[in-house]
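# Survey of secondary and tertiary structure
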Amino acid sequence: DEPDTVNSAGNPVHYLGLCWAGGHGRPASGFRTPRSVAAASGALTACRRDVWDDLGGMAELLFTYYEDTELSLRTRLAGYDVRYVPSAVALHRYEFGRHPAKLYLLERNRLATLLTVYERRTLVLLLPMLVLQEGLVLAMAVREGWLPAKVRGWWWLARNAGALRRRRRLVQQHRRVSDAALV
């Protein structure tokens, strides 16, 4: 809704799964060069049909929030490139909000993505940092009043462990690059 302002010029993704709108709020004139990015924004994403079919599209298991990041990580994992293209423009009314329902889905889907995209060895190496991060997010959830949403996310992951294992096998079958290249 602000045509001269960027909502996303490609989204950075931290190795612990945190993702944010790259360039958010900055002048669009500062983002004129096409480049590879960690993740595309779901507000405007295009994908070649053969790549979409190869990857199986977006993960239905995630439904909303983070599905664009998960698809981008799988795209890169399969050896394809994710690009920011400044000539691809859409007007997008964006309102940054933090409410329990959104935070539940973001946290749940972030963890589901890490559990399905990373190799087991990487998950073991990241375990201390993931535990620390979960403790910090838990403290933030307590402080900001969305603890039930955070706990509900963990409960969803436990209840859907079988579906996540199946999803993990499918994602890993398409792997063409290492986690080192991904992160």
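Thresholds applied
Residues numbered from 1 in each chain as written. Predicted model: local features only at pLDDT ≥ 70, side-chain atom pairs only at ≥ 80, totals over all residues. Heavy atoms only, no water. Helix = DSSP H or I, 4+ residues; strand = E, 2+ residues; numbered from the N terminus. Rg over C-alpha atoms; globule rule 2.2 N^0.38 Å. Buried < 20%, exposed > 50% of the residue type's maximum accessible area, 1.4 Å probe, protein only. Areas by Shrake-Rupley, 256 points an atom, 1.4 Å probe, with all protein chains shown as cover. Lys, Arg positive; Asp, Glu negative; His and termini not counted. Charge placed at Lys NZ, Arg CZ, Asp CG, Glu CD. Salt bridge = Lys/Arg side-chain N within 4 Å of Asp/Glu carboxyl O. Polar contact = N/O pair within 3.5 Å; in protein donor to acceptor, adjacent residues only side chain to side chain. Contact = heavy atoms within 4.5 Å. Core = buried A, V, L, I, M, F, W, Y, C linked by side-chain atoms within 4.5 Å. 1 Å grid on protein atoms, 1.4 Å probe; cavity = no way out; pocket = protein on both sides within 12 Å on 5 of 7 lines; lining within 4 Å. Points joined across faces, edges and corners; volume = space filled by probe spheres on them. Nonpolar A, V, L, I, M, F, W, Y, C, P; charged D, E, K, R; others polar. Patch = residues over 30% accessible without salt bridge, like charges linked within 9 Å, V, L, I, M, F, W, Y side chains within 5 Å.

Turning to the overall build of the protein chain, a few remarks are in order. Summing up its helical and strand segments, the protein chain has seven helices and two strands in all. Along the chain direction, N to C, the helices and strands of the protein chain fall in the order β-α-α-β-α-α-α-α-α. For the protein chain, whose C-alpha radius of gyration is 17 Å, the value lies close to the compact-globule estimate of 16 Å for 183 residues. When its C-alpha atoms are laid out on the principal axes, the protein chain stretches across 45 × 40 × 25 Å. Considering the protein chain as a whole, with its 183 residues, one finds that 39% of them fall into the buried category. Total accessible area computed for the protein chain in this model is approximately 10600 Å², and 59% of it derives from carbon and sulfur atoms. Here the protein chain carries 26 positive and 17 negative side-chain charges, and the mean point of each set is 6 Å from the other.

With that out of the way, let us pick up the pattern of salt bridges. Tallying each qualifying case throughout the model produces 13 salt bridges. Residue R110 pairs with E134 through a salt bridge whose shortest N-O separation is 2.7 Å. On the criterion of sequence distance, the pair formed by R110 in helix α3 (residues 100–117) and E134 in helix α4 (residues 120–144) is long-range, its members being 24 residues apart. Both residues of the pair, R110 and E134, count as buried. Put simply, D179 and R175 hold a salt bridge, and the shortest N to O gap is 2.9 Å. One network of salt bridges, in which partners are shared, links E107, R110, E134 and K150.

All right, on to the side chain of E134 then. For E134, a relative accessible area of 13% puts it in the buried group. Within the structure, E134 has its side chain in polar contact with the side chain of W154 (distance 2.8 Å). Ignoring anything within four residues of it in the chain, the contact list for E134 reads E107, R110, L111, K150 and W154.

Taken as a class, soluble globular proteins show a tendency for nonpolar side chains to be buried jointly. Formed by 14 residues in total, the largest nonpolar core has its most connected members in Y104, A112, W146, W156 and L157. Secondary structure elements with two or more residues in this core: α3, α4 and α5 (147–159). In terms of residue count, α3 provides more of this core than any other element does, five residues in total. Setting aside chain neighbours within four positions, we find W146 in contact with R98, P100, L103, E107, V137, M140 and A141. Counting eleven residues, the second largest nonpolar core, distinct from the first, contains L16, L73, L77 and L182.

Position of T5 relative to the elements: it lies in the segment before β1 (35–36). Along the backbone, T5 and H24 are 19 residues apart, and their C-alpha atoms lie at a distance of 7.7 Å. When sequence neighbours within four positions are dropped, the list of residues in contact with T5 reads G25, R26 and A28.

The next thing to look at is empty space enclosed by the protein. A complete count under the given rule lists three cavities of 30 Å³ or more for this structure. Lining the largest cavity, in full, are L55, R74, R167, L170, V171 and H174. Of all the elements, helix α6 (residues 161–173) adds the most residues to the lining of the largest cavity, at three residues. Looking at the lining of the largest cavity residue by residue, the class counts come to three nonpolar, one polar and two charged. What the second largest cavity holds in volume is close to 40 Å³. A59, L61, L62, E70, A112, T113, T116, L164 and R167 together form the lining of the second largest cavity.

Another aspect to go through is a positive patch on the surface. A surface patch of like charges, here positive, comprises R120, R165, R166 and R169. Element by element, the count of residues in the positive patch is highest for α6, at three residues. Along the chain, R120 turns up in helix α4.

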